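What the coordinates show
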Amino acid sequence: QVQVVESGGGLVQPGGSLRLSCISSAPTFVSYYMSWYRQAPGKERELVASMRSLDWRTTYADSVKGRFTMSRANAGASVYLQMNELKLEDTAIYYCLYSDYASHYWGQGTQVTVSS
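We now turn to the structure provided with this report. (Residues numbered from 1 in each chain as written. Predicted model: local features only at pLDDT ≥ 70, side-chain atom pairs only at ≥ 80, totals over all residues. Heavy atoms only, no water.)

1. Regarding the sheet that holds strand β7 (residues 68-72)
Quick reminder of the rule: Pairing between strands is defined by DSSP: at least two bridges between the two strands are required. Strands are runs of DSSP state E lasting at least 2 residues, helices are runs of H or I lasting at least 4, and numbering of each runs from the N terminus. Each axis is a line fitted through C-alpha atoms, taken for helices only over the stretch in contact, and angles between the N-to-C directions span 0 to 180 degrees.
Across the sheet, four strands lie side by side as β1-β3-β8-β7; this open sheet has antiparallel pairing. The open sheet has two edge strands, β1 (4-7) and β7, and neither has a second partner. Neighbour to neighbour, the strand axes of the sheet diverge by 15 degrees on average, direction disregarded. Two strands pair when backbone bridges link them, and strand β3 (residues 18-24) and strand β8 (residues 79-83) are joined in this way by five bridges, in the antiparallel orientation. Of the residues in β8, the one forming a bridge with Leu20 is Leu81.

2. Examining the packing of aromatic side chains
Heads up, the rule is: Working definition: rings of Phe, Tyr and Trp (its six-membered ring) pair if their centres are within 6.5 Å, and the pair is stacked with planes under 30 degrees apart, edge-to-face with planes over 60 apart, and tilted otherwise. Only Lys NZ and Arg CZ are tested; either one counts as a charge over a ring when it is within 6 Å of the ring centre and within 35 degrees of the ring normal.
Under the counting rule described, the total for this entry stands at five aromatic pairs. A connected cluster of aromatic rings, assembled from ring pairs, spans Tyr32, Trp56, Tyr98 and Tyr105. Here Arg45 stacks its cationic end above the ring of Tyr95, 3.7 Å away from the centre of that ring. Above the plane of the ring of Trp106 lies Arg45, whose end atom (NZ or CZ) is 4.6 Å from the centre.

3. Details of the side chain of Asp100
Operational definition: For every residue, the accessible area obtained with a 1.4 Å probe (protein chains only) is divided by the maximum for its type, and the residue is called buried under 20%, exposed over 50%, and partly exposed between those limits. The sign given to each residue is positive for Lys and Arg and negative for Asp and Glu; His and the chain ends receive no count. One speaks of a salt bridge when a side-chain nitrogen belonging to Lys or Arg is within 4 Å of a carboxyl oxygen belonging to Asp or Glu. Definition of a polar contact: a pair of N or O atoms within 3.5 Å, with one able to donate and the other able to accept a hydrogen when the atoms are protein atoms, and with sequence-neighbouring residues admitted only if both atoms are side-chain atoms.
Secondary-structure assignment places Asp100 in strand β9 (residues 92-100). For the buried Asp100, which has no salt bridge, the nearest side chain bearing the opposite charge is Arg52, at an N-O separation of 15 Å. Of the polar contacts made by the side chain of Asp100, one reaches the backbone nitrogen of Ala102; its length is 2.8 Å. A polar contact is formed between the side chain of Asp100 and the backbone nitrogen of Ser103, at a distance of 2.8 Å.

4. Here's the deal with the pattern of salt bridges
Side-chain pairs of opposite charge can arise whenever the charged atoms involved come near each other. Here the structure, examined in full by the defined rule, presents five salt bridges. Note that Lys65 and Asp62 form a salt bridge whose closest N and O atoms lie 3.2 Å from each other. Residue Asp90 pairs with Arg67 through a salt bridge whose shortest N-O separation is 2.7 Å. Of the two residues, Asp90 is situated in the loop between β8 and β9 and Arg67 in the loop between β6 (58-60) and β7; the sequence distance between them amounts to 23 residues. As far as the burial class goes, Asp90 and Arg67 line up, both buried. A single salt-bridge network, built from bridges that share partners, covers Arg38, Glu46, Arg67 and Asp90.

If you want it as structure tokens, here you go:
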């Protein structure tokens, strides 16, 4: 049973920082993607950042470029999301996704609330 578990969410003031973690037991012997998505109340889930195992290239949504940084753990299909200069509009549930050619696994999400 593959598990994907996010942590690190919380309440932060505008301009603050948080670091999210995504620990996964997903296989790493195939090419895969690790991605962060978020869903704000009343809005659709949107892609925040994505990293591919082929070359560890990372792409970001325009709304977070220059503020968020996705990185990988030293072992396993696990990643982090460093979020700086947080804005009110970053408030959402953040989800981690593992995906390869045959399957995908979502985490349960972690709440990030940016409020003064």
